[in-house]
Amino acid sequence: MLELHNLSVSYGAIDAVQSVSLTAKRGVITALIGANGAGKSSLLKSISGLVAPEQGQVMLDGNDLAKIGPHERARLGIIAHALEGRRIFHQHTVEENLITAWHFRKPKGNFKAAQEQVYSNFPILHERRRAKAGTLSGGQQQMLILSMATLHKPTLVLLDEPSLGLAPIVITQIYDFIRRYAAEDERVVLISEQMATLALKVADYGHVLRQGKLVQSGTAEQLKGNGLTNAYLG
Ligand code: ATP
């Protein structure tokens, strides 16, 4: 389980995240829901270590992650953070991107097997394996990003707006994969999502952020019952 205790993130005078405490369980999808600027990305970055929290603790299965540096967190394969804005090597092929992702972390296991798994999850990536990543559609790029992030099967996966700009059919495919990934080995998956209605459809639990503060938490059903909609987020 992931536990955040009183986590705060500031950029100079801007308090992006203010003393947020929440949990994300293994085996399910937990969503951070909030409007543009609510602090979702900053919260994810403080978990992966891309920004240093001003205060607070990040615990994974009872271990304080502050004791492990951000690079080490990624390299050990504990955490993967797929950032908003499609970070892939556009001039390299799909296959080359997967190889790069594999070697970025301390490789353990077998690359071929991991690659086969990717192609079985997303057959279109197999079809396009020799295409430059820059020529893929937005949905295919997101599939590649998710595949790269999960290649080493990290316990904790952080996904920043995985559905951003994608067609509904692709969103369904992507969330089917994310759901299976979480359930497969009881992993922790934390996503950020601006659209409350979508988040409550795909996630099991939700935490609602407003101007850096946690304002509601609950199961998707509870949050729906509380009248959480896109309009609520403003
Ligand atoms: P978005 O969906 O736009 O990414 P968000 O909910 O993820 O929104 P954050 O990106 O975490 O929100 O931003 C929270 C606040 O922190 C905003 O006021 C934003 O302008 C500010 N902020 C974010 N990153 C920085 C930065 N590097 N320097 C200064 N201010 C920042």
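I will try to describe carefully the structure that is included in this document. (Residues numbered from 1 in each chain as written. Predicted model: local features only at pLDDT ≥ 70, side-chain atom pairs only at ≥ 80, totals over all residues. Heavy atoms only, no water.)

**Remarks on the packing of helix H3 (residues 94-104) against helix H6 (residues 138-150)**
Item 1. Relative to each other, H3 and H6 sit at 25°, their axes nearing to 9 Å. By the angle class used here, H3 and H6 are roughly parallel. Crossing of H3 against H6: the hand is right-handed. For the pair H3 and H6, the contacting residues are Val94, Asn97, Leu98 and Ala101 in the first and Leu144, Ser147 and Met148 in the second.
Item 2. Broken down by class, the residue content of the contact of H3 with H6 amounts to five nonpolar, two polar and no charged. (Axes fitted to C-alpha atoms, helices over the stretch in contact; angles between N-to-C directions. Helix = DSSP H or I, 4+ residues; strand = E, 2+ residues; numbered from the N terminus. Parallel < 35°, antiparallel > 145°, perpendicular 65-115°, else oblique. Left-handed = near helix turned anticlockwise from the far one by under 90°. Contact = heavy atoms within 4.5 Å. Nonpolar A, V, L, I, M, F, W, Y, C, P; charged D, E, K, R; others polar.)

**So, the pairing of strand E6 (residues 79-82)**
Item 1. With burial as the criterion, each face of E6 is covered, one bearing Ile79 and His81 and the other bearing Ala80 and Ala82.
Item 2. Two strands pair when backbone bridges link them, and E6 and strand E7 (residues 156-160) are joined in this way by four bridges, in the parallel orientation. Its bridge partner lying in E7, alanine 80 is registered against valine 157. (Buried < 20%, exposed > 50% of the residue type's maximum accessible area, 1.4 Å probe, protein only. Pairing = 2+ DSSP bridges.)

**Quick look at the packing of H3 against helix H4 (residues 111-121)**
Item 1. Where H3 meets H4, the axes come as close as 11 Å, and the angle between the chain directions of the two elements is 130°. Relative to H4, H3 is oriented oblique. Crossing of H3 over H4 shows right-handed handedness. Contact with H3, carried on its side by Val94, Glu95, Leu98, Ile99 and Trp102, involves Phe111, Ala114, Gln115, Val118 and Tyr119 of H4 and no other residues of that element.
Item 2. Split by residue class, the contact of H3 with H4 holds eight nonpolar, one polar and one charged.

**Comments concerning the nonpolar core**
Item 1. Of all hydrophobic cores here, the largest spans 48 residues; its most connected members are Leu98, Leu144 and Ile178.
Item 2. For this core, the leading source of residues is helix H7 (residues 168-184), giving eight residues.
Item 3. Residues contacting leucine 98, with those up to four places away along its chain left out, are Phe111, Gln115, Val118, Tyr119, Leu144, Ser147, Met148 and Leu151.
Item 4. Formed by 25 residues, the second largest nonpolar core is a distinct cluster that contains Leu7, Val9, Ile79 and Leu190. (Core = buried A, V, L, I, M, F, W, Y, C linked by side-chain atoms within 4.5 Å.)

**Some thoughts on the environment of alanine 133**
Item 1. By the secondary structure assignment, alanine 133 is in the loop between helix H5 (123-127) and H6.
Item 2. When its relative accessible area of 0% is taken as the criterion, alanine 133 is described as buried.
Item 3. Alanine 133 sits 130 residues away from glutamate 3 along the chain, and the two C-alpha atoms are 35 Å apart.
Item 4. Here alanine 133 is in contact with Ile88, Phe89, His90, His92, Thr93, Asn97, Gln141 and Leu144, once residues within four sequence places are set aside.

**Details of the environment of glycine 165**
Item 1. In this structure, glycine 165 sits in the loop between E7 and H7.
Item 2. A sequence separation of 26 residues divides glycine 165 from glycine 139, and the C-alpha atoms of the two residues are 8.6 Å apart.

**Concerning the sheet that holds strand E8 (residues 188-193)**
Item 1. On the basis of which strands lie adjacent, the open sheet formed by six strands has the order E6-E7-E8-E3-E9-E10 and mixed pairing. Edge positions in the sheet fall to E6 and strand E10 (213-219), since each of these pairs with one other strand and no more. Across the sheet, the axes of successive neighbouring strands diverge by a mean angle of 15°, strand direction being ignored.
Item 2. Helix H1 (residues 40-48) contacts strand E3 (29-33), E6, E7, E8 and strand E9 (205-210) of the sheet and is inclined by roughly 150° relative to E7.
Item 3. With respect to the sheet, H7 is in contact with E3, E7 and E8, its orientation differing from that of E8 by roughly 150°.

**A closer look at the site of the ligand**
Item 1. Lining the immediate environment of the ligand, one finds 14 residues, of which Asn36, Gly37, Lys40, Ser41 and Ser42 sit closest.
Item 2. Lysine 40 places a side-chain nitrogen or oxygen 2.8 Å from an oxygen atom of the ligand.
Item 3. When the ligand is considered free in solution it has 620 Å² of accessible area, and contact with the protein chains removes 63% of it.
Item 4. Examining the composition of the shell around the ligand, we find that three residues originate from one element, H1, more than from any other.
Item 5. The residue makeup of the shell around the ligand, split by class, is five nonpolar, six polar and three charged. (Near = heavy atom within 4 Å. Polar contact = N/O pair within 3.5 Å; in protein donor to acceptor, adjacent residues only side chain to side chain. Areas by Shrake-Rupley, 256 points an atom, 1.4 Å probe, with all protein chains shown as cover.)

**Some points on the pattern of salt bridges**
Item 1. Tallied over the full model, the rule gives seven salt bridges.
Item 2. For arginine 26, the salt bridge identified is with aspartate 61, shortest N-O distance 2.6 Å. Here arginine 26, found in the loop between strand E2 (14-24) and E3, pairs with aspartate 61, found in the loop between strand E4 (55-60) and strand E5 (63-64); they are 35 residues apart in sequence, far enough to count as distant.
Item 3. You can call aspartate 61 partly exposed: its relative accessible area is 39%.
Item 4. Taking the shortest distance from any N to any O, the salt bridge between glutamate 184 and arginine 187 comes out at 2.8 Å.
Item 5. Judged by its relative accessible area of 5%, arginine 187 falls in the buried class. (Salt bridge = Lys/Arg side-chain N within 4 Å of Asp/Glu carboxyl O.)

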